Amino acid sequence: MPDYETLRVIWWALLGVLLAGFAVTDGFDLGVGMLFRFLGRNDDERRVFLETIEPVWEGNQVWFIVGGAAMFAAWPSLYATSFSGFYIAMFLVLAALILRPVGFVFRNKLAAPRWRGVWDWALFTAGFVPTLVFGVAMGNFLQGVPFRFDDTLRVVYTGSFLALLNPFSILCGLVSLAMLTMHGGVYAAMKTHAPMTDRAALAARIAAVFYIVLFTTAGVLIASSIEGYRIVSEINAIGPSNPVGKSVLAGSGAWLENYSRYPWMMLAPILGYVGAVGAFVTVQRRAGIAFLASSIAVAATVCTVGFSTFPFLLPSSLEPGSSLTVWDASSSQLTLFIMLIAVLIFMPLILAYSAWVFRMLRGRVSLEHLHKGSY
């Protein structure tokens, strides 16, 4: 069995992989959901855009479910604290995600334009709300969440839903919207025919520019005015999980310290820019390459947050010493080891199934396919 420290780092990395996998896979169908109402000039074209994601969106959400399960089992304190603090936000996300399958099912039940228009906006909402909320959550995570532990290690959360909507978190929400709009636009350009692909490519290029500008702005603010957190006491990487057994200080520029300590981490933000620029340049003529580039940008953005904040899982702005870290918020060593075996068995199956689905559904969706019912 690997030692406790190694298992904790492995599960921190696996959590990042699952979050990045969810952002890349479910991200493009959230992006298409936000765009199709505006890119489609008539009902048939909107149906084409929806058909590009309808066969795959359920499989993409496996990453979200597995990520939540991994958080619950490997990082129970993180799961309990985040779901307590972000309860209303999580409820909005779940309500929006539930709305999506309902929209797919009911939209085509009637041909009335008003009926389909209502469900089109419902599907737009189902893409817009989760994308915005995830970004807002990341913004609050980077600033610290107002929670502490009482004498019995019960979580005490003192924030409110409206407090989550602060200027920096809204900026992060806009970064998320721009990023997944770019990703969805690139995917739509890859899966449709002209003139729909041209409109999707234009939307992706505009979103890529916004992403670069907003991502840069967020980075400048993190470097100059957003306080990060650092552990100032001795770290016991193999000790029992006890989130109140350390000293933590907040300070400007703390979220940048890992990049000087581990220079290889700079690859994450660099690849975020490279991916966005690559998607901008290639989406018009080489949509497949553009999709790979936008996927790299999305995954790199998630990794940038994770690398910047390591070893913190959820910093506390109310009582920094109560912050949850990789070293003091995990399950037992045996639990992490057993779960790692399960991951090594089932993760390849998920990847193989996903690869098979996308291989079977390769190619573009056209109006002819739609009318013949062959897609």
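Scroll up a little and you will see the structure.
Residues numbered from 1 in each chain as written. Predicted model: local features only at pLDDT ≥ 70, side-chain atom pairs only at ≥ 80, totals over all residues. Heavy atoms only, no water.

Enquirer: If you had to explain the packing of helix α1 (residues 4–39) against helix α7 (residues 113–143) to someone new, which residues and values would you point to?
Expert: Axis separation between α1 and α7 bottoms out at 8 Å; the angle between their running directions is 135°. With respect to each other, α1 and α7 are oriented oblique. The element α1 and its partner α7 pack so that their crossing is left-handed. Contacts between α1 and α7 involve Phe22, Leu30, Gly33, Met34, Phe36, Arg37 and Phe38 from the first element and Asp120, Trp121, Leu123, Phe124, Ala126, Gly127, Phe128, Pro130, Thr131 and Phe134 from the second. Taken together, the residues that form the contact of α1 with α7 break down as twelve nonpolar, three polar and two charged. (Axes fitted to C-alpha atoms, helices over the stretch in contact; angles between N-to-C directions. Helix = DSSP H or I, 4+ residues; strand = E, 2+ residues; numbered from the N terminus. Parallel < 35°, antiparallel > 145°, perpendicular 65-115°, else oblique. Left-handed = near helix turned anticlockwise from the far one by under 90°. Contact = heavy atoms within 4.5 Å. Nonpolar A, V, L, I, M, F, W, Y, C, P; charged D, E, K, R; others polar.)

Enquirer: Residue-level account of the packing of helix α4 (residues 62–74) against helix α14 (residues 333–360), with values.
Expert: Contact geometry of α4 with α14 gives a least axis separation of 12 Å together with a crossing angle of 175°. One finds that α4 runs roughly antiparallel with respect to α14. The residues of α14 that touch α4, namely those facing Val62, Trp63, Val66, Ala70, Ala73 and Ala74, are Thr335, Leu336, Met339, Met347, Ile350 and Leu351. Taken together, the residues of the contact of α4 with α14 sort by class into eleven nonpolar, one polar and no charged.

Enquirer: Tell me about the pattern of salt bridges, and please be specific about residues and values.
Expert: Inspection of the entire model under this criterion finds eleven salt bridges. Note that arginine 100 is salt-bridged to aspartate 26, the shortest N-O span being 3.3 Å. With a gap of 74 residues between them, arginine 100 in helix α6 (residues 87–107) and aspartate 26 in helix α1 connect regions that are remote in the sequence. Grouping residues by exposure puts arginine 100 and aspartate 26 together as buried. The residue glutamate 257 makes a salt bridge to arginine 230 at a minimum N-O spacing of 2.4 Å. One end of the pair, glutamate 257, is in helix α11 (residues 257–261); the other, arginine 230, is in strand β3 (residues 227–231), and 27 residues separate them in sequence. (Salt bridge = Lys/Arg side-chain N within 4 Å of Asp/Glu carboxyl O. Buried < 20%, exposed > 50% of the residue type's maximum accessible area, 1.4 Å probe, protein only.)

Enquirer: Can you explain α4? Please cite residues and give values.
Expert: Quick reminder: α-helices carry 3.6 residues per turn. Residues three or four places apart thus point the same way. End to end, α4 covers 18 Å across 13 residues, agreeing with the expected 18 Å (1.5 Å per residue, within 8%). Regarding α4, the residues found buried are Trp63, Gly67, Ala70, Met71 and Ala74. Buried residues of α4, viewed axially, fall in a sector of 100°; they line one side. Facing away from the buried side of α4, by more than 90 degrees, are the exposed residues Ile65 and Phe72. (Expected span 1.5 Å × (residues − 1). Arc of directions from axis to C-beta.)

Enquirer: I'd like a rundown of the nonpolar core, residues and numbers included.
Expert: In terms of nonpolar packing, the biggest core is built from 103 residues, with Trp11 and Trp75 touching the most fellow members. Each residue touching tryptophan 75, except ones within four places of it in the same chain, is listed here: Arg8, Trp11, Trp12, Leu15, Ala70, Leu313, Thr325, Val326, Ala329 and Ser330. (Core = buried A, V, L, I, M, F, W, Y, C linked by side-chain atoms within 4.5 Å.)

Enquirer: Explain the state of the cysteines residue by residue, including any values.
Expert: Taken as a whole and assessed by the stated rule, the structure comprises zero disulfides. No disulfide involves cysteine 172; its nearest neighbouring cysteine sulfur is the one of cysteine 303, lying 16 Å away. (Disulfide = S-S within 2.5 Å.)

Enquirer: Mind laying out the environment of leucine 97, listing which residues take part and the relevant values?
Expert: Checked against the element boundaries, leucine 97 lands in helix α6. Once residues lying within four places of it in the same chain are set aside, the contact partners of leucine 97 are Gln61, Phe64 and Pro130.

Enquirer: Tell me about the side chain of serine 331, and name the residues and values.
Expert: Position of serine 331 relative to the elements: it lies in the loop between β6 (324–325) and α14. Owing to a relative accessible area of 11%, serine 331 belongs among the buried residues under this scheme. Of note is the side chain of serine 331, whose polar atom sits 2.3 Å from the backbone oxygen of alanine 73. Residues contacting serine 331, with those up to four places away along its chain left out, are Tyr4, Ala73, Ala74, Pro76 and Leu336. (Polar contact = N/O pair within 3.5 Å; in protein donor to acceptor, adjacent residues only side chain to side chain.)

Enquirer: Quick rundown of unusual backbone geometry? Include the residues and the values.
Expert: Note that the residue after alanine 194, namely proline 195, is joined by a cis bond; omega there is 5°. Here proline 195 lies in the loop between α9 (167–191) and α10 (196–224). Omega for the peptide link from phenylalanine 310 to proline 311 comes to 10°, which places this bond in the cis form. Tracing the chain through its elements places proline 311 in the loop between α13 (287–309) and β5 (312–314). Residue leucine 153 is not a glycine yet carries a positive backbone phi of 65°. As for its placement among the helices and strands, leucine 153 is situated in the loop between β1 (147–149) and β2 (155–157). On the basis of relative accessibility, which here comes to 43%, the residue leucine 153 falls in the partly exposed class.

Enquirer: Can you explain the packing of aromatic side chains? Please cite residues and give values.
Expert: Per the stated rule, a full pass over the model turns up 27 aromatic pairs. Between the aromatic rings of phenylalanine 28 and phenylalanine 291, the centroid separation amounts to 5.7 Å while the plane-to-plane angle is 70°, which identifies the pairing as edge-to-face. Of this pair, phenylalanine 28 sits in helix α1 while phenylalanine 291 sits in helix α13; the two residues are 263 residues apart in sequence, bridging distant segments of the chain. Consider the rings of phenylalanine 215 and tyrosine 273, whose centres lie 5.4 Å apart with planes at 55°: the pair is tilted. (Phe/Tyr/Trp six-rings, centres within 6.5 Å; stacked < 30°, edge-to-face > 60°.)

Enquirer: Can you explain α1? Please cite residues and give values.
Expert: The end-to-end C-alpha separation of α1 is 51 Å, in line with the 52 Å expected for 36 residues at 1.5 Å each. The axis of α1 is deflected most strongly, by about 40°, at glycine 27. Along α1, 27 of the 36 residues are buried, which leaves the element largely enclosed by surrounding structure. The distance from a side-chain oxygen at the start of α1 to the backbone nitrogen of glutamate 5 is 3.1 Å, and the residue carrying that oxygen is aspartate 3. (Bend = angle between axes of the 7 residues up to and from the residue.)

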